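# Overview (structure and organization)
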Amino acid sequence: MNTSLRIISIATLFPDAARPNFGLFVEKSLRALAAQPGIELTVVAPVGLPPFPLSLHKRYRALRDLPRTEDWNGLTVHRPRFTLVPRIGARFNPAKVSRAVLSAVRGQPFDVVDAQFFYPDGPAAMRVADALGLPFSAKARGADISHFGHDPATAPQLLAAANRAAGLLAVSDSMRGEMAAIGIDPAKIVVHYTGIDSDRFSPGDRATARVALGMDSAPAILTVGALIPRKGQALAIEALPALPGVHYWLAGAGEAEGRYRALAQELGVTDRVHFLGPVANADLPQLYRAADAVVMPSVSEGLANAWVEALACGTPIVISDAGGAAELVSSPIAGRIAQRTPGAIAEAVQAILANPPSPSDVAASLGGRFDWDRNGRELAAHFRRCAGR
C-alpha cells in the first residue's frame, strides 16, 4: 500500500519558459509542499490557446512551443492545451480545463485534487475529482473571488465548487471574510499565508542599491505589478505634483502603460515617472531596497506578494484598504493604509519620508509569519485532512 499522499495540483497560474514570472508564488508554494515528507506531487498547468487560426498568431508562438511534460525546478509539470476564448469564454473554461487535466494524467493514481486558484481551477478540480472519485480543495487568492465570485457568468460554478470541496484555503483572513460574504461556508476556510525567501528578500543599504540600479539620490517610490487600472498606478502618478522631487518607478507591463505615460505628460511629471517594464524576480530585492516606499493603491487584492516582499526588504508600504492590508500594516513602521485618492497617497508618502523607519524594524514587522517551509507544512496538513488522513 502506498502510504504517501498523492496530490494532483491544477494551476492555471504557473511559470513556464515563455512567462517565467507568471504565478511564481504558486510554484514556490508547490515546491515547498513537494519538499514535505510523504508527499507525491504532480502539477498540471493547462495552457490556454485561442481557436485556430488565432492560435497561430506570433504572440502565442512561445506558448505553442511549450513541452507537454517537463521537469520544472524539480516538479513534474504537465502542460496540456485547452481552447481559450478571450473575454467572453470564462464560463466555459472549467470544463475545458478539466478535460485537459484528465487527458494529461490518465491512468495515474491520486488521493486528492488541489486547485491553486479558485476560478477556473476550482470548478475544474471539482470535475476532475468527480471523475476520479476523490476529494478536492481550492485556494482563493484575490481576483478569483472579487471578480469571478461576483460575475453572474462564473459565480454559480465557483460557489458550487466551494460547496462541494472537502476544504478551502484563503491567502488572508480578509479574503476569508470576502468568501463568506458571497455565501461560502467560513467554517471550511483555512487562512494560508504566502511564504517569502528570506535569504533573498532581506534588508540592505538603500544607497548601495540605488548605485547598483543607476538611480540618483532623489526620493523614490515604487510599484511592482501589472500596469492595469485595478492596481491604481494612475493615483500614484496623480499624487506626484504634491510630492516635489519624488520619482516614481513602475516595474511591470500592461494595457494601461500608454494611458499612464499620457497622464504623466498631462501633469508635467514625465521626467519623474520611470517605466521599467517587466523585472525578473531575481532583481526585485535590490529594487525594493532602493525605494523609500512601495506604493500600491489597488482596488482589490488578496494579500499581495509584493507587499510582503517589500516589507521583508525593509521598505515600508503605502497601500489601500484592500484584502489583507490591515494584517500587514498594523503600525506606522510597516507603512500606511491610505484612501484611494492622490491627496491621501501623497500625505502617506510625505509622512514616511519625514520619519523613515529603520529597514530592520520594517522587516521585523512581518513577525516570522511568512515562511515557505511553514507554508509547505501547512499545505501538506490541509491536504491530509481533505483526504481523511
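Located above this text is the structure these notes cover.
### Observations regarding the overall build of the protein chain
Across its full length, the protein chain holds 16 helices and 16 strands. Taken over the C-alpha trace, the protein chain has a radius of gyration of 21 Å; the compact-globule value for 389 residues is 21 Å, and the two agree within 12%. Projecting the C-alpha coordinates of the protein chain onto the three principal axes gives extents of approximately 65 × 50 × 40 Å. Burial status across the protein chain gives 54% buried among its 389 residues.

### Digging into the pairing of strand E11 (residues 220-224)
Counting buried residues in E11 gives five out of five residues, a clear majority hidden from the surface. Residues Ala220, Leu222 and Val224 of E11 are buried on one face, and the alternating residues Ile221 and Thr223, pointing to the opposite face, are buried as well. Bridge count between E11 and strand E12 (residues 247-251): five bridges; the pairing is parallel. Its bridge partner lying in E12, Thr223 is registered against Leu250. For the handedness criterion, the β-α-β arrangement of E11, helix H9 (residues 233-239) and E12 is classed as right-handed. Pairing between E11 and strand E14 (residues 293-296): two bridges, direction parallel. Bridge pairing in E14 places Ile221 opposite Ala293.

### Points about the side chain of Ser98
Relative to the helices and strands, Ser98 is located in helix H3 (residues 93-104). Under the relative-accessibility criterion, Ser98 is labelled buried at 4%. For Ser98, the side chain forms a polar contact with the main-chain oxygen of Ala95, separated by 2.8 Å. Setting aside its immediate chain neighbours within four residues, Ser98 contacts Ala124, Arg127 and Val128.

### Thoughts on helix H4 (residues 121-132)
Over its twelve residues, H4 runs 16 Å from end to end, which matches the ideal 16 Å to within 8%, given 1.5 Å per residue. Along H4, the residues classified as buried are Asp121, Gly122, Pro123, Ala124, Ala125, Met126, Val128 and Ala129. Looking at the buried side of H4, the elements it contacts are strand E1 (5-10), H3, strand E7 (112-115), strand E8 (136-140) and helix H6 (155-164).

### Here's the deal with the sheet that holds strand E5 (residues 75-78)
Pairing in this open sheet of eight strands is mixed, and the strands run E4-E5-E2-E1-E7-E8-E9-E10 from one edge to the other. A strand with exactly one partner marks an edge of an open sheet, and here the two such strands are strand E4 (69-72) and strand E10 (189-191). Direction aside, the axes of adjacent strands within the sheet are offset by 25° on average. Relative to E8, E7 runs parallel, the two sharing three bridges. Bridging across to E8, Val113 finds its partner in Phe136.

### Remarks on the packing of aromatic side chains
Enumeration over the complete set of coordinates arrives at three aromatic pairs. Seen in terms of ring centroids, Tyr119 and Phe148 are 4.9 Å apart; in terms of plane orientation they differ by 25°. Their pairing is stacked. You can see Tyr119 sitting in the loop between E7 and H4 and its partner Phe148 sitting in the loop between helix H5 (143-146) and H6, a full 29 residues away along the chain. We note that Tyr119, like Phe148, is buried. Relative to Phe370, the ring of Tyr193 has its centre 5.1 Å away and its plane inclined at 55°; by these criteria the two rings are tilted. With Tyr193 in the loop between E10 and helix H8 (206-213) and Phe370 in the loop between helix H15 (359-364) and helix H16 (372-386), this pair connects stretches of sequence that are 177 residues apart. Among the residues examined, Phe370 registers a relative accessible area of 5% and is labelled buried.

### Comments concerning the pattern of salt bridges
Per the counting criterion, the structure on display carries 13 salt bridges. Glu301 serves as the salt-bridge partner of Lys231, at 2.8 Å between the closest nitrogen and oxygen. Pair noted here: Lys231 is in the loop between E11 and H9 and Glu301 is in the loop between E14 and helix H12 (305-312), with a separation of 70 residues, a long-range link. Side by side, Lys231 and Glu301 carry an identical accessibility label, which is buried. For Arg261, the salt bridge goes to Glu257, with nearest N and O atoms at 2.9 Å. Placement of the pair is Arg261 and Glu257 together in helix H10 (residues 257-266), with a separation of four residues, close to one helical turn. Through salt bridges that share partners, Arg6, Asp111 and Arg389 make up one connected network.

### Looking at the sheet that holds strand E15 (residues 317-319)
Spatially, six strands are ordered E13-E12-E11-E14-E15-E16 in an open sheet, and the strand pairing comes out parallel. Only two strands of the sheet have a single neighbouring strand rather than two, namely strand E13 (273-277) and strand E16 (335-337). Each neighbouring strand pair of the sheet contributes to a mean axis angle of 20°, computed without reference to strand direction. Sheet topology note: the E12/E13 ladder contains four bridges and is parallel. Of the residues in E13, the one forming a bridge with Leu250 is Phe275.

### Brief notes about the packing of H3 against H4
As a packed pair, H3 and H4 sit with axes 8 Å apart at the nearest point and diverge in direction by 45°. With respect to their mutual orientation, H3 and H4 come out oblique. Note on packing geometry: the crossing formed by H3 with H4 is right-handed. Contacts between H3 and H4 involve Pro94, Ala95, Val97, Ser98, Val101 and Leu102 on the former and, on the latter, Pro123, Ala124, Arg127, Val128, Ala131 and Leu132. Tallied by class, residues from the contact of H3 with H4 come to ten nonpolar, one polar and one charged.

Analysis parameters
- Residues numbered from 1 in each chain as written.
- Predicted model: local features only at pLDDT ≥ 70, side-chain atom pairs only at ≥ 80, totals over all residues.
- Heavy atoms only, no water.
- Helix = DSSP H or I, 4+ residues; strand = E, 2+ residues; numbered from the N terminus.
- Rg over C-alpha atoms; globule rule 2.2 N^0.38 Å.
- Buried < 20%, exposed > 50% of the residue type's maximum accessible area, 1.4 Å probe, protein only.
- Pairing = 2+ DSSP bridges.
- Right-handed = clockwise from strand over helix to strand, strands pointing away.
- Polar contact = N/O pair within 3.5 Å; in protein donor to acceptor, adjacent residues only side chain to side chain.
- Contact = heavy atoms within 4.5 Å.
- Expected span 1.5 Å × (residues − 1).
- Axes fitted to C-alpha atoms, helices over the stretch in contact; angles between N-to-C directions.
- Phe/Tyr/Trp six-rings, centres within 6.5 Å; stacked < 30°, edge-to-face > 60°.
- Salt bridge = Lys/Arg side-chain N within 4 Å of Asp/Glu carboxyl O.
- Parallel < 35°, antiparallel > 145°, perpendicular 65-115°, else oblique.
- Left-handed = near helix turned anticlockwise from the far one by under 90°.
- Nonpolar A, V, L, I, M, F, W, Y, C, P; charged D, E, K, R; others polar.

No statement about biological role is implied by the geometric values presented.
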